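Notes for the structure review
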Amino acid sequence: MTTKAHAEAHTLEANAGHGHDDHGGASHGSLKSYLIGFGLSVILTAIPFWLVMTGTIADKAVTALIVLVLAAVQIVVHMIYFLHMNTRSENGWTMMAMIFTVIMVVIALTGSLWVMHHLNVNMMPMHDMSQMP
Amino acid sequence: MSVAITTQSSIQDSEPVFHVIDEHDHPEGASTMLGFWIYLMSDCLIFAMLFATYGVLGGNYAAGPSPKDLFDLKLVALNTTMLLLSSITYGFAMLTMEKSKIGQTQLWLAITGLFGLAFLGIELTEFAHMIHEGATPQRSAFLSSFFTLVGTHGLHVTFGLVWLVTLMVQTARFGLTEANRRRLMCLSMFWHFLDVVWIGVFTFVYLLGMLR
């Protein structure tokens, strides 16, 4: 039993030890990954600026949607290639912290915009008040 | 750690212990990166609140200037380029740091700092131009929230630059020691994080502002 517990403890330590090397378990990039990330960011930045500056797409709502989607993709690109996010670094705790933050940000942003938009619409003095009881 | 298990097991032979009794050894700075990441996430929440404020107030011009009257997308594109270039040069600094080439690391850090300064210079020029035209933070809710959001990002870049210079001096004096490498990696995360926030700023504030 003792030897088995011993062996298990060592395996655990070996797994946990990943987060305890001299760089604290954070992962690194290579020249290739930085250049890929940079190339993608340049493209993903240039397209929305080009779309808005030239007004290629006449429908503004469509342009806005494309711009927002491209920004979301670029944020993911930066996270992966520049901040080296993955599910393994620090035994997954950086990913957990980020998922929690993303949930908070989404609630705060959509909640604020949604509530305040409805408040604005309902407080506008353009309602016909004569029908009110 | 394993010693602790053995002694415990020999004392109470009938009851084997399956958990770690002693806190295992943490080398200095082992948790710094995770801690710094959590700080960045809390900073992210600050920016989320400022973005939400801008999203709510961004359309209230109070009969004052609107984004179309104020923003110059060419200047913003130039600004974005500066920050993006500073991100990749910081990446190069990290790569040369891993190869322990101290001179090249310092050179890339200096180039990063110059791009950061260029970004700040362009942003301050834009602010000065807007204020000169009367578009001050007091003018409308749109401008208050604009200056708070973009100004907070600019302040972050400013402090990032102060930190960058500090670490360059540290590296020059003490070399690429373990502690300095760790600090440079924290600043690397901070710097790339600011670039991520800037993606939100140029999309949400400038590009969507021009489409309003």
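Scroll up to find the structure.
Here the residue numbers are simple positions, counted from 1 along each chain's written sequence. Here the convention is simple: chains get letters from A, ligands get numbers from 1, in the order in which they are written. Reporting in this predicted model follows two pLDDT cut-offs: at least 70 for local features of residues, and 80 or more for side-chain atom pairs to be given and counted; totals over whole chains, interfaces and linings ignore these cut-offs and use all residues. The basis for every side-chain value is the complete set of non-hydrogen atoms in the structure, without hydrogens or water.

With respect to the overall build of chain A
When helices and strands are tallied, chain A shows four helices and zero strands. Shown N-terminal to C-terminal, the secondary structure of chain A runs as helices and strands in the order α-α-α-α. In this scheme, a residue with accessible area under 20% of its type's maximum is buried, one over 50% is exposed, and one in between is partly exposed, where area comes from a 1.4 Å probe on protein chains only. For chain A, the residues scored as buried account for 31% of the 133 residues in total. In chain A, of all internal contacts separated by at least 6 residues, the share reaching a separation of at least 24 is 61%. Put simply, chain A shows about 8500 Å² of open surface, and 74% of that area lies on carbon and sulfur atoms. Numbering of helices and strands runs from the N terminus; a helix is a DSSP stretch of H or I covering at least four residues, while a strand is a stretch of E covering at least two. Contact between two residues is taken to exist if any of their heavy atoms lie within 4.5 Å; hydrogens are not considered. Accessible surface is estimated by sampling points in the Shrake-Rupley manner with a 1.4 Å probe; for residues, cover comes only from the protein chains shown.

Considerations on the nonpolar core
Buried together is how nonpolar side chains tend to be arranged in soluble globular proteins. Counting residues in each nonpolar core, the largest one holds 74 residues, and the members touching the most others are Trp37, Phe71, Phe146, Trp198 and Tyr206 of chain B. Mapped by element, the contributors of at least two residues to this core are helix 2 (31-54), helix 3 (60-81) and helix 4 (93-123) of chain A together with helix 2 (32-57), helix 4 (73-98), helix 5 (102-132), helix 6 (141-174) and helix 7 (178-211) of chain B. With 21 residues, the single largest contributor to this core is helix 7 of chain B. Leave out the neighbours within four places in its chain, and Phe146 of chain B touches Tyr54, Phe71, Phe127, Met130, Gly151, Val205 and Tyr206 of chain B. Remark: nonpolar core denotes a set of buried residues (Ala, Val, Leu, Ile, Met, Phe, Trp, Tyr, Cys) joined through side-chain atoms within 4.5 Å.

Observations concerning the interface of chain B and chain A
Contact residues are listed per partner, giving 56 residues for chain B and 53 residues for chain A. Buried surface at the junction of chain B and chain A, summed over both partners, amounts to about 4700 Å²; 82% is from carbon and sulfur atoms. Put simply, buried area is how much 1.4 Å-probe accessible surface two parts lose in total, over both of them, once they are put together. Broken down residue by residue, the surface that chain B buries against chain A is led by Trp37, Leu84 and Leu211 of chain B, which jointly contribute 13%. Salt-bridge detection follows one rule: a side-chain nitrogen of Lys or Arg within 4 Å of a carboxyl oxygen of Asp or Glu. Taken together, chain B and chain A are joined by zero salt bridges. We call two N or O atoms a polar contact when they sit within 3.5 Å, provided that within protein one can donate a hydrogen and the other can accept it, with sequence-adjacent residues counted only if both atoms are side-chain atoms. At the junction of chain B and chain A, the tally comes to one residue pair in polar contact (both at pLDDT 80 or more). Elements that contribute at least two residues to the side of chain B that touches chain A include exactly helix 1 (2-11), helix 2, helix 4 and helix 7 of chain B. Sort the elements by how many residues they give to the side of chain B that touches chain A and helix 7 of chain B lands first, with 15 residues. Note on residue classes: Ala, Val, Leu, Ile, Met, Phe, Trp, Tyr, Cys and Pro are nonpolar, Asp, Glu, Lys and Arg are charged, and everything else, Gly too, is polar. Of the residues in the side of chain B that touches chain A, the class split is 38 nonpolar, eleven polar and seven charged.

As for the packing of helix 2 of chain B against helix 6 of chain B
Residue and element names in this part refer to chain B. Across the interface, helix 2 lies against helix 6 with an axial gap of 7 Å and an inter-helix angle of 160°. With respect to helix 6, the axis of helix 2 lies roughly antiparallel. In this structure, helix 2 meets helix 6 at a crossing whose hand is left-handed. Contact residues: Phe36, Tyr39, Asp43, Phe47, Leu50, Phe51, Thr53, Tyr54 and Leu57 in helix 2; Ala141, Phe142, Ser145, Phe146, Thr148, Leu149, Thr152, His153, His156 and Trp163 in helix 6. Looking at the contact of helix 2 with helix 6 residue by residue, the class counts come to twelve nonpolar, six polar and one charged. Working convention: axes come from line fits to C-alpha atoms, limited for helices to the stretch in contact. Angles between N-to-C directions cover 0 to 180 degrees. An angle below 35 degrees is read as roughly parallel, one above 145 as roughly antiparallel, one from 65 to 115 as roughly perpendicular, and any other as oblique. Handedness of a crossing follows from how the near helix is turned relative to the far one, being left-handed for an anticlockwise turn of less than a right angle and right-handed for a clockwise one.

What about the packing of helix 4 of chain B against helix 5 of chain B?
Residues and elements named next belong to chain B. The contact between helix 4 and helix 5 brings their axes to 8 Å, and the two run at 165°. Between helix 4 and helix 5, the interaxial angle falls into the category roughly antiparallel. As for how helix 4 packs across helix 5, the hand of that crossing is left-handed. In terms of residue class, the contact of helix 4 with helix 5 is built from 17 nonpolar, eight polar and two charged.

Looking at the environment of Gly154 of chain B
Residue and element names in this part refer to chain B. Turning to its location among the elements, Gly154 is positioned in helix 6. The class of Gly154 is buried, set by a relative accessible area of 5%. Between the C-alpha atoms of Gly154 and Leu124, which are 30 residues apart in sequence, the distance is 8.8 Å.

Focus on the side chain of Ser41 of chain A
By the secondary structure assignment, Ser41 of chain A is in helix 2. Residue Ser41 of chain A is classed as buried on the basis of its relative accessible area of 0%.

Don't take any of this as a statement about function, it's just geometry.
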